[in-house]
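# Report on the structure
Here is what each chain is made of, one letter per residue.
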Amino acid sequence: MGEPRTELQRDLLYGAKAIADALGCKPRQVYHIAECGRMPIWNEPGIGLVARKSSLEAYFRKREHQTLVLDRD
């Protein structure tokens, strides 16, 4: 058995496929999102595309709140 994963290891998504699976989209879309810089997805030298699950969740919570507030106006 391997060593238990740390909280950071459980939170990180490595690569366009893992990020796409978490978002429910295609890897090509993840590359586009990363290029636009609109979501917390970045290219880490020596690793490739990386995202934190918690940062993506926070991003979507914020966007949802913004949308709900705008809809009320």
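This text follows the structure it describes.
Residues numbered from 1 in each chain as written. Predicted model: local features only at pLDDT ≥ 70, side-chain atom pairs only at ≥ 80, totals over all residues. Heavy atoms only, no water.

The description of an aromatic ring pair uses the distance of the two centres, along with the angle that the planes make with each other. Scanning all chains against the criterion turns up one aromatic pair. Note on tyrosine 59 and phenylalanine 60: the rings are 5.2 Å apart at their centroids and 80° apart in plane angle, and the pair reads as edge-to-face. Note on phenylalanine 60: relative accessible area 42%, which makes it partly exposed. (Phe/Tyr/Trp six-rings, centres within 6.5 Å; stacked < 30°, edge-to-face > 60°. Buried < 20%, exposed > 50% of the residue type's maximum accessible area, 1.4 Å probe, protein only.)

Below, the discussion takes up the side chain of aspartate 11. Looking at the secondary structure, you find aspartate 11 in helix H1 (residues 7–11). Classification of aspartate 11 as buried rests on a relative accessible area of 11%. Polar side-chain contacts of aspartate 11 include one of 2.7 Å to the side chain of serine 54. Excluding its chain neighbours within four sequence positions, the residues that come into contact with aspartate 11 are Ala51, Arg52, Lys53 and Ser54. (Helix = DSSP H or I, 4+ residues; strand = E, 2+ residues; numbered from the N terminus. Polar contact = N/O pair within 3.5 Å; in protein donor to acceptor, adjacent residues only side chain to side chain. Contact = heavy atoms within 4.5 Å.)

Once that is clear, we can look at the pattern of salt bridges. Applying the stated criterion across every chain yields a total of three salt bridges. Taking the shortest distance from any N to any O, the salt bridge between aspartate 21 and lysine 17 comes out at 3.1 Å. Pair noted here: aspartate 21 and lysine 17 are both in helix H2 (residues 16–23), with a separation of four residues, about one helical turn. Among the residues examined, aspartate 21 registers a relative accessible area of 53% and is labelled exposed. (Salt bridge = Lys/Arg side-chain N within 4 Å of Asp/Glu carboxyl O.)

Once that is clear, we can look at the packing of H2 against helix H3 (residues 27–36). Pairs of packed helices are described in terms of their axes, by the angle between the two and the distance that separates them. Where H2 meets H3, the axes come as close as 8 Å, and the angle between the chain directions of the two elements is 100°. Comparing the axis directions of H2 and H3 gives the class roughly perpendicular. Residues Ala16, Lys17, Ile19 and Ala20 of H2 lie in contact with H3, whose contacting residues are Pro27, Val30 and Tyr31. Of the residues in the contact of H2 with H3, the class split is six nonpolar, no polar and one charged. (Axes fitted to C-alpha atoms, helices over the stretch in contact; angles between N-to-C directions. Parallel < 35°, antiparallel > 145°, perpendicular 65-115°, else oblique. Nonpolar A, V, L, I, M, F, W, Y, C, P; charged D, E, K, R; others polar.)

Purely geometric stuff here, so don't read any function into it on its own.
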